Each structure stands twice: as structure tokens, then as C-alpha cells.
Amino acid sequence: MRLDKYLKISRLIKRRTVANEACDGGRITVNGKVARASYAIKEGDTISIQMGTRPLTVEVLSVSEYATKETAGQMYKVIEGEGE
């Protein structure tokens with residue numbers, strides 16, 4: 001699954017266009033490297049988001065084409081940042 005789509009479905013970022021712009025601006029890294037919106041996310045990847053004043057780092061636990069509000073939080077585990 002594309003990085004921008006994963007960020008939207010997992011509700012880490014509200015809108016896919018915002019996720020796309022964050023990737024283009026170099027504010028999203030995957031496994032320590034700046035990633036483009038088209039990067040293919042897989043289980044075990046580490047995503048770091050540098051939006052605002054607090055960085056957020058999560059580990060991808062599952063990749064799913066659809067998630068409800070209740071199940072979106074189960075797609076990743078927060079390593080560092082908000083909601084620790």
C-alpha cells in the first residue's frame with residue numbers, strides 16, 4: 001500500500017492530500033530515510049512524522065485497505081511521540 005494512503009487509512013494524518021504534501025516536503029521518513037508518497041509500506045516498517053512541534057514515530061503492525069475508527073489504532077504501535 002502507498003505511504004500516503006496508509007497514513008490516511010490509519011488516521012495518522014486526516015487527509016490524503018495533506019499526507020502527500022508532508023511526503024513532498026520531506027517531513028515523513030520510513031526506516032530512517034525520507035520517503036515519497038508512493039513508497040510501498042509493509043509490516044515492520046517504522047514511520048516518523050515531523051508535523052508541528054512534536055515528532056511522532058510508529059511501527060506498522062498491519063496493512064489493510066480499510067479500517068474503521070475503532071480498528072485504525074490497531075494498525076500501528078506508537079514508539080515515540082503523542083499518546084506514549
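Everything numeric here is computed off the predicted structure, so don't read it as measured data.

Q: Break down the confidence of the model for the chain for me, citing the residues and quoting the values.
A: Across the chain, pLDDT averages 92, with 98% of residues at or above 70. Taken element by element, the chain is modelled with least confidence in strand β5 (residues 76-80), mean pLDDT 92, and with most confidence in strand β1 (residues 28-30), mean pLDDT 96.

Q: Could you give an account of the nonpolar core, naming the residues involved and the relevant values?
A: Within the largest apolar cluster, 24 residues are counted, with the highest numbers of intra-cluster contacts made by Leu3, Tyr6, Leu7, Leu12, Ile28 and Ile47. The element best represented in this core is helix α1 (residues 3-9), accounting for four residues.

Q: Please provide a residue-by-residue account of unusual backbone geometry, values included.
A: In this structure, arginine 11 is a non-glycine residue whose phi angle is positive, near 65°. Along the chain, arginine 11 falls in the loop between α1 and α2 (16-24). Positioned with a positive phi, asparagine 31 is a non-glycine residue whose angle comes to about 55°. Inspection of the secondary structure puts asparagine 31 in the loop between β1 and β2 (33-34).

Q: Residue-level account of the environment of alanine 19, with values.
A: Along the polypeptide, alanine 19 turns up in helix α2. Along the backbone, alanine 19 and leucine 7 are twelve residues apart, and their C-alpha atoms lie at a distance of 6.6 Å. Excluding residues within four positions of it along the chain, alanine 19 makes contact with Asp4, Leu7 and Ile13.

Q: Run through α2, naming residues and quoting values.
A: Regarding α2, the residues found buried are Ala19, Ala22 and Cys23. Buried residues of α2 fall within an arc of 100° about the axis and therefore sit on the same side. Exposed residues pointing more than 90 degrees away from the buried face of α2 are listed as Thr17, Glu21 and Asp24. Along its buried surface, α2 packs onto α1 and β1. Among the residues trailing α2, glycine 26 stands out with phi positive, at a value near 75°.

Q: Now, about the sheet that holds strand β3 (residues 46-50): what can you tell me, with residues and values included?
A: Taken together, the five strands give an open sheet; going across it, the order is β2-β1-β3-β4-β5, and neighbouring strands pair in antiparallel fashion. This sheet does not close on itself; its edge strands, each paired only once, are β2 and β5. One ladder, built from two bridges, connects β1 with β2; its direction is antiparallel. Residue threonine 29 lies in a different strand from β2, and its bridge partner there is valine 34.

Criteria and cut-off values
- Each chain carries its own residue numbering, running from 1 in the direction its sequence is written.
- This being a predicted model, a pLDDT of at least 70 is required before a residue's local features are given, and a value of 80 or more before pairs of side-chain atoms are given or counted; all residues contribute to the totals for chains, interfaces and linings.
- To obtain the side-chain values, all non-hydrogen atoms of the structure were used and water was disregarded.
- Scored between 0 and 100, pLDDT is the confidence that the predictor attaches to each residue.
- Numbering of helices and strands starts at the N terminus; helices are DSSP runs of H or I of at least 4 residues and strands are runs of E of at least 2.
- Remark: nonpolar core denotes a set of buried residues (Ala, Val, Leu, Ile, Met, Phe, Trp, Tyr, Cys) joined through side-chain atoms within 4.5 Å.
- Partly exposed residues are those whose accessible area sits between 20% and 50% of the maximum for their type, while under 20% is buried and over 50% is exposed, using a 1.4 Å probe and protein chains only.
- Note on contacts: a residue pair is in contact if any heavy atoms of the two residues lie within 4.5 Å.
- Starting at the helix axis, one direction is taken to each C-beta atom, and the arc is that of these directions.
- When DSSP finds two or more bridges between a pair of strands, those strands are recorded as paired.

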